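Each chain, written out:
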Amino acid sequence: MRIKVMRTIFKPDVPGKFVLYPYHIFHLKLFYRRLGRSDRVFDYFAYVDLYRLGAERGDGFIDLYEWDVDERQVMKPLADYEEARRKAFESAIIWGNSRVVSWWLPRIEVVRDAQAYKVFWIFEEEGEKYVMDSLTGEKFGLGELAGKDGRKCRVCR
């Protein structure tokens, strides 16, 4: 399976496996009309999490690379393109309205967009298993995330 992956910045020192987490990246242009003042135009980069449907603002359109991966390493998105687009627009409007006073909502244009995956490394260090975010370098113990006894179904307890 061939997919687009966000450029990895951090990688664990020891060899490990990885899981690919779904995102949709948008480069948006916001056009604000203002009374008695010059119009304003902003570039906005939204990274929409397709699993939890959250959006965060980015500094630019991150570099994307194509990887050949086993489909078992890829998490399936729970949100579709339209939901991701709405979330990106909502996030852009909130951000833009905190910077510009205007009577109107901005006209928004999608300049570029792509579905891509963020890499989460899974590795073992000193007998403990960890997950590392490839963009921030944050490392989390699997024991902390799942609990010491592992996750249990509420019904099965």
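Residues numbered from 1 in each chain as written. Predicted model: local features only at pLDDT ≥ 70, side-chain atom pairs only at ≥ 80, totals over all residues. Heavy atoms only, no water.

Chemist: Looking at this structure, how should I read the pairing of strand β4 (residues 55-58)?
Modeler: A regular strand places its side chains so that they alternate between the two faces of the sheet. Across 4 bridges, the pairing between strand β3 (residues 40-49) and β4 is antiparallel. Counterpart to Ala 46 in the pairing with β4 is Arg 57. In this structure, the hairpin formed by β3 and β4 is closed by a connection of 5 residues, where Leu 53 is found at a positive phi of approximately 55°. (Pairing = 2+ DSSP bridges. Helix = DSSP H or I, 4+ residues; strand = E, 2+ residues; numbered from the N terminus.)

Chemist: Help me out: how do you make sense of the packing of aromatic side chains in this one?
Modeler: Pairs of aromatic rings are described using the distance from one ring centre to the other and the angle between the two planes. Applying the stated rule across the entire model yields 10 aromatic pairs. A ring pair is formed by Phe 42 and Trp 95, whose centres lie 5.5 Å apart and whose planes are at 80°; its orientation type is edge-to-face. Taken together, the residues Phe 42 in strand β3 and Trp 95 in helix α1 (residues 81-97) connect sequence positions 53 residues apart. Exposure remark for Trp 95: the relative accessible area of 16% places this residue in the buried category. Geometrically, the ring pair formed by Tyr 44 and Trp 95 is tilted, given 5.3 Å between the ring centres and 45° between the ring planes. Of this pair, Tyr 44 sits in strand β3 while Trp 95 sits in helix α1, and the two are 51 residues apart along the sequence. Like Tyr 44, the residue Trp 95 is buried in the burial classification. Of the aromatic side chains, those joined through ring pairs into one cluster are Tyr 21, Tyr 23, Tyr 51 and Phe 120. Seen from the ring of Phe 61, Arg 112 lies directly overhead, with NZ or CZ sitting 3.8 Å from the centre. (Phe/Tyr/Trp six-rings, centres within 6.5 Å; stacked < 30°, edge-to-face > 60°. Buried < 20%, exposed > 50% of the residue type's maximum accessible area, 1.4 Å probe, protein only. Lys NZ or Arg CZ within 6 Å of the ring centre and 35° of its normal.)

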